[in-house]
Amino acid sequence: MRIRGDWVPWDPTIDFKLLPGAMGVFEIADEKRNTLYIGHAGGDDAFGLRGELYNVFGFPPGSDKWNWTHPHPGAYPAALRDQAHFYRFEVNHQYYSRWIEALTRYSEDFEELPPINNDPAIEQPPKLGRYHWKSEDAS
Amino acid sequence: MDMKRSPEQQLIIDNVRRLIREEIRPLEADLDPDAFTLKPADYERLVAMVKDMGLYQMGVPTEYGGPGVDIITQTMVAEETSQHRAGLYAPAYEVFGASPPGQLYGGSDYLKERYLLPTMRGEKSGFFGLSEPSGGSDPARAIQTRAVRDGDSWVINGGKLWNSGADTADYGIVYVRTDPAAGRRGITAFVIDTDTPGFEVRRLVQVLRSHYTTELTFTDMRVPHENILGEEGGGFALANDQLSFNRIPYASACLGPAINANEIAIDWAKQRVTFGEPLANRQAIQWMLVDNELDIRSGRWAALDAADRAQRGDPFRFEASMAKILCSEGAGRTVDRSMQIMGGLGMSKDLPMERWYRELRIRRVGEGPNEVQRVVMARDILNVRSGS
């Protein structure tokens, strides 16, 4: 099962309180809605999905006045930030297995991982399995 | 039963304990709290270390080139390998090697050559497929997946649920109805390759624990007759024997997180001061720690008693069920009490307790719900035994 929900264009002026600070999985796409990266906000990621999304898209001017700062800024490759345009996410306490599920679905449909997930600087998933079937809209 | 460990058992336990405490636990500091695999380089290094100890795939019999560690020692080891954050469902992150499904030892030479030996060499892995959406506790009635003979092969239609590892496995042992009129004698075990046309993993099923499970469908899946494991119609007995046997180390493994949680709680109770005194001075806390000890020790004794009977070749289904109940329920209570002693810290992902709490809940259902274990015991008590 892919991550559900419509793609949302990143808006740097969004009120950060609208982004959940919870654990979960997220997906980042370029302007053509091609998936670039599937990630997770885990149990030791400060600020949950909110923190990870800001870390991907970058913190807007004035964010230094916020009452929180990401402990690992710049943890994602610049190539991701340069191309990132859309996002979607799912709050999910079982973020780790859901992350693997979403990556498995993608790699089965497209026979490779999303491009940024292949970056050696990124946390590599455990061995992914196979479904032996593709999604209807897989190209 | 002699509860004293032999020198050989003590040596094995010491080595396993050292590996868990000095190698595995430090590595977990750099892993996601829900991770169930090590980084590849760490995994390779620790597997090599285990092979040097002579404990890789310790359940594999000596005639197949394995260490042939007996069921009593395996039960003791299961209590040790689960004493870390991921330990309940990824004991020692599998650096001790995944032993082949026990049913394969009773298979034909063809099945041994094709599945058993490659699994021992680490070239293949298998999954177990018994439960279906229609149920799992009563497989003789619940199995609806059908196999129909067609020449030299069988055509299988249906599906399975709760198959851990099926998405990454090379083969599976699945239990299928071959004769609808024969009740439990109409169930047959097949070994199926996961690349067989018609085999599909429909979804990864997210559950309480960190590692998912799967739902499978079989559509006109053609399997050779020679892939029948055991006798045609003998699948139910095969599954039953193996499940009872597996239930013993499964029970014992529950104790690892309980022991670990109890240790953390004891340390905390001694150092945490409230209202001018350490928690350890409060009778409420002392009783919780005593109850932890009671649960851990009663579970351990029950598991070793079941293992001892299995080792001697005596009937052990009653004792295996008892061990499963005592260990899974007692370990759950122990982690729960330990979290209570820890306060807010016990609820957080800073400590492994919240993970153990979630995962131990599954153990009261997995490998046969505890209510079914009580049914098994009640049958014996009412029909065969007097109680001792």
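Calculation rules
Residues numbered from 1 in each chain as written. Chains lettered and ligands numbered in written order. Predicted model: local features only at pLDDT ≥ 70, side-chain atom pairs only at ≥ 80, totals over all residues. Heavy atoms only, no water. Pairing = 2+ DSSP bridges. Helix = DSSP H or I, 4+ residues; strand = E, 2+ residues; numbered from the N terminus. Contact = heavy atoms within 4.5 Å. Axes fitted to C-alpha atoms, helices over the stretch in contact; angles between N-to-C directions. Patch = residues over 30% accessible without salt bridge, like charges linked within 9 Å, V, L, I, M, F, W, Y side chains within 5 Å. Areas by Shrake-Rupley, 256 points an atom, 1.4 Å probe, with all protein chains shown as cover. Salt bridge = Lys/Arg side-chain N within 4 Å of Asp/Glu carboxyl O. Lys, Arg positive; Asp, Glu negative; His and termini not counted. Charge placed at Lys NZ, Arg CZ, Asp CG, Glu CD. Buried < 20%, exposed > 50% of the residue type's maximum accessible area, 1.4 Å probe, protein only. Domains from an automatic or database assignment. Buried area = accessible area lost by both parts, 1.4 Å probe. Polar contact = N/O pair within 3.5 Å; in protein donor to acceptor, adjacent residues only side chain to side chain. Nonpolar A, V, L, I, M, F, W, Y, C, P; charged D, E, K, R; others polar.

Enquirer: Requested: an account of the sheet that holds strand S4 (residues 86–91) of chain A, with residues and values cited.
Expert: Residue and element names in this part refer to chain A. Reading across from one edge, S1-S4-S2-S3 is the order of the four strands in this open sheet, with antiparallel pairing throughout. At either end of the open sheet lies a strand with only one pairing partner, and these are strand S1 (8–9) and strand S3 (35–41). Two elements, strand S2 (residues 24–29) and S3, share six bridges in a ladder whose sense is antiparallel. Bridge pairing in S3 places Val-25 opposite His-40. The sheet contacts of helix H1 (residues 48–57) involve S2, S3 and S4, and relative to S2 the element is tilted by about 20°. The strands touched by helix H3 (residues 95–110) within the sheet are S2, S3 and S4, with S3 carrying the most contacts at an inclination of about 165°.

Enquirer: Describe in detail a positive patch on the surface, supporting the description with residues and values.
Expert: All names here are of chain B. A cluster of basic residues, Arg-184, Arg-185, Arg-317 and Arg-379, forms a positive patch at the surface. Inspection of the secondary structure puts Arg-317 in helix H8 (residues 317–342). Take Arg-317: its relative accessible area is 37%, and that puts it in the partly exposed class.

Enquirer: Could you give an account of the domain arrangement of chain B, naming the residues involved and the relevant values?
Expert: Residue and element names in this part refer to chain B. Parsing chain B into structural domains produces domain 1 (7–101), domain 2 (126–229) and domain 3 (237–382). Each of domain 2 and domain 3 has a C-alpha centre, and these two points are 31 Å apart. At the interface, nine residues of domain 2 touch 10 residues of domain 3. Summing both partners gives a buried area of about 810 Å² for domain 2 against domain 3, and 70% of it is carried by carbon and sulfur. When the buried surface of domain 2 facing domain 3 is broken down by residue, Ser-137, Leu-208 and Ser-210 rank first, second and third, together holding 53% of it. Our count for the contact surface shared by domain 2 and domain 3 stands at zero salt bridges. Applying the counting rule to domain 2 against domain 3 returns three residue pairs in polar contact (both at pLDDT 80 or more). Per-class residue counts for the side of domain 2 that touches domain 3 are six nonpolar, two polar and one charged.

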